[in-house]
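Architecture at a glance
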Amino acid sequence: MRKQKKSNEEEAPQGRFHSELFDWGEALLISLAAVILIFVFGVRIIGVQGSSMVPTLQQSNQLLVSNLFYTPEKGDVVILTKGSFMDSPIVKRVIATEGDTVDIDFETGEVTINGEILQEDYIAEPTTTYYDVTFPQTVPEGCIFVMGDNRNHSTDSRDSQLGMVDTRYIIGKVLMRIYPFNEIGTVA
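Residues numbered from 1 in each chain as written. Predicted model: local features only at pLDDT ≥ 70, side-chain atom pairs only at ≥ 80, totals over all residues. Heavy atoms only, no water.

What follows covers unusual backbone geometry. Each neighbour pair has its own omega, and for valine 54 with proline 55 the value is 10 degrees, a cis peptide bond. As for its placement among the helices and strands, proline 55 is situated in the loop between strand S1 (43-47) and strand S2 (62-66). With an omega dihedral of 5 degrees, the bond running from phenylalanine 135 to proline 136 counts as a cis peptide bond. By the secondary structure assignment, proline 136 is in the loop between strand S7 (116-117) and strand S8 (137-138). Despite not being glycine, serine 60 has its phi angle at roughly 75 degrees, a positive value. (Helix = DSSP H or I, 4+ residues; strand = E, 2+ residues; numbered from the N terminus.)

Our next topic: the sheet that holds strand S11 (residues 170-179). Reading across the sheet, the seven strands line up as S1-S2-S11-S3-S4-S9-S10 and stay open at both edges, with antiparallel pairing between neighbours. The two strands at the open ends of the sheet, each matched to only one other strand, are S1 and strand S10 (165-166). When strand S9 (residues 143-147) meets S10, the two strands line up antiparallel, connected through two bridges. Note on S10: the bridge partner recorded for isoleucine 144 is valine 165. (Pairing = 2+ DSSP bridges.)

Right, let's get into a nonpolar patch on the surface. Together, Leu29, Leu32 and Ile36 give the surface a local cluster of nonpolar side chains, amounting to about 300 Å² of exposed area. Within the fold, leucine 29 resides in helix H1 (residues 2-42). A relative accessible area of 59% places leucine 29 in the exposed class. (Patch = residues over 30% accessible without salt bridge, like charges linked within 9 Å, V, L, I, M, F, W, Y side chains within 5 Å. Areas by Shrake-Rupley, 256 points an atom, 1.4 Å probe, with all protein chains shown as cover. Salt bridge = Lys/Arg side-chain N within 4 Å of Asp/Glu carboxyl O. Buried < 20%, exposed > 50% of the residue type's maximum accessible area, 1.4 Å probe, protein only.)

As summarised here, the arrangement of the four strands in space is S7-S6-S5-S8, forming an open sheet in which the pairing is antiparallel. Here the strands that pair on one side only, and so sit at the sheet edges, are S7 and S8. Looking at chain direction, strand S5 (residues 101-105) and S8 are connected through two bridges and run antiparallel. Residue pairing in the sheet places threonine 101 in a bridge with threonine 138 of S8.

Bringing the packing of aromatic side chains into the picture now. Counted by the stated rule, this structure contains four aromatic pairs. Between the aromatic rings of phenylalanine 135 and phenylalanine 145, the centroid separation amounts to 5.9 Å while the plane-to-plane angle is 80 degrees, which identifies the pairing as edge-to-face. Pair noted here: phenylalanine 135 is in the loop between S7 and S8 and phenylalanine 145 is in strand S9, with a separation of 10 residues, a long-range link. Relative accessible area serves as the criterion here: at 0%, phenylalanine 145 is assigned to the buried category. Taken together, the ring pairs in this structure connect Phe106, Tyr130, Phe135 and Phe145 into an aromatic cluster. (Phe/Tyr/Trp six-rings, centres within 6.5 Å; stacked < 30°, edge-to-face > 60°.)

The next point concerns a negative patch on the surface. Residues Asp103, Asp105, Glu107 and Glu110 make up a contiguous surface patch of negative charge. Relative to the helices and strands, aspartate 105 is located in strand S5. (Lys, Arg positive; Asp, Glu negative; His and termini not counted. Charge placed at Lys NZ, Arg CZ, Asp CG, Glu CD.)

Moving on to the nonpolar core. Membership of the largest hydrophobic core comes to 16 residues, with the highest contact counts inside it found for Ile95, Val102, Ile104, Val111, Phe135, Val139 and Phe145. Sorting the residues of this core by element identifies strand S4 (86-97), S5, strand S6 (110-113) and S9 as the ones contributing at least two each. A per-element tally of this core places S9 first, with three residues. Residues within four places of phenylalanine 145 in sequence aside, it is in contact with Arg93, Val94, Ile95, Ala96, Val102, Ile104, Phe135, Val139, Ser157, Arg158 and Met164. Membership of the second largest hydrophobic core comes to 12 residues, among which are Val65, Val77, Val91 and Val187. (Core = buried A, V, L, I, M, F, W, Y, C linked by side-chain atoms within 4.5 Å. Contact = heavy atoms within 4.5 Å.)

What follows is about the pairing of strand S3 (residues 77-82). Most of S3 sits inside the fold, with five of its six residues counted as buried. Bridge count for S3 against S4 is five bridges, and the pairing is antiparallel. Its bridge partner lying in S4, valine 77 is registered against arginine 93. Alignment of S3 against S11, held across three bridges, turns out to be antiparallel. By the bridge assignment for S11, valine 78 is matched with lysine 173.

Remember, this is a structural readout, not a statement about activity or role.
Structure (structure tokens):
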């Protein structure tokens, strides 16, 4: 009997170790599955290409983007794609949404939305470069008007190749910059 009691005592720590190992493995798998689901359905990481959003964003910044329950609003920085314009995703700022009338005075550089001058502390310089779209323009239903913050070095809704962007082309709203690490934070 004593031998049987001793073997039960020896087995108890080993069984506990296997149980804890199983619990850790299960927690790790659940965590991994949750992270995968979040990145597949909730958020994405997208890198900035080009200089159209300087000074707000720089080449090679990495951005955390989400489209979960997203409705575009004026001032949002968004990632979009439009195959007829460019194969890779682009980053722009929403200037106007459906029903808004956009006008640009290329001599003064002022952008007006519904007759009100847009206060744009985020731009590199006033908007003096024009393309082939004539103004004023009213944004159609289900579309947005976008511009880069580096106005005179950005191809955006002023160019008919991009034009008004159907909201179905929006990949998501930029939530924050995650790289470079010394610039981590929200994007305004």
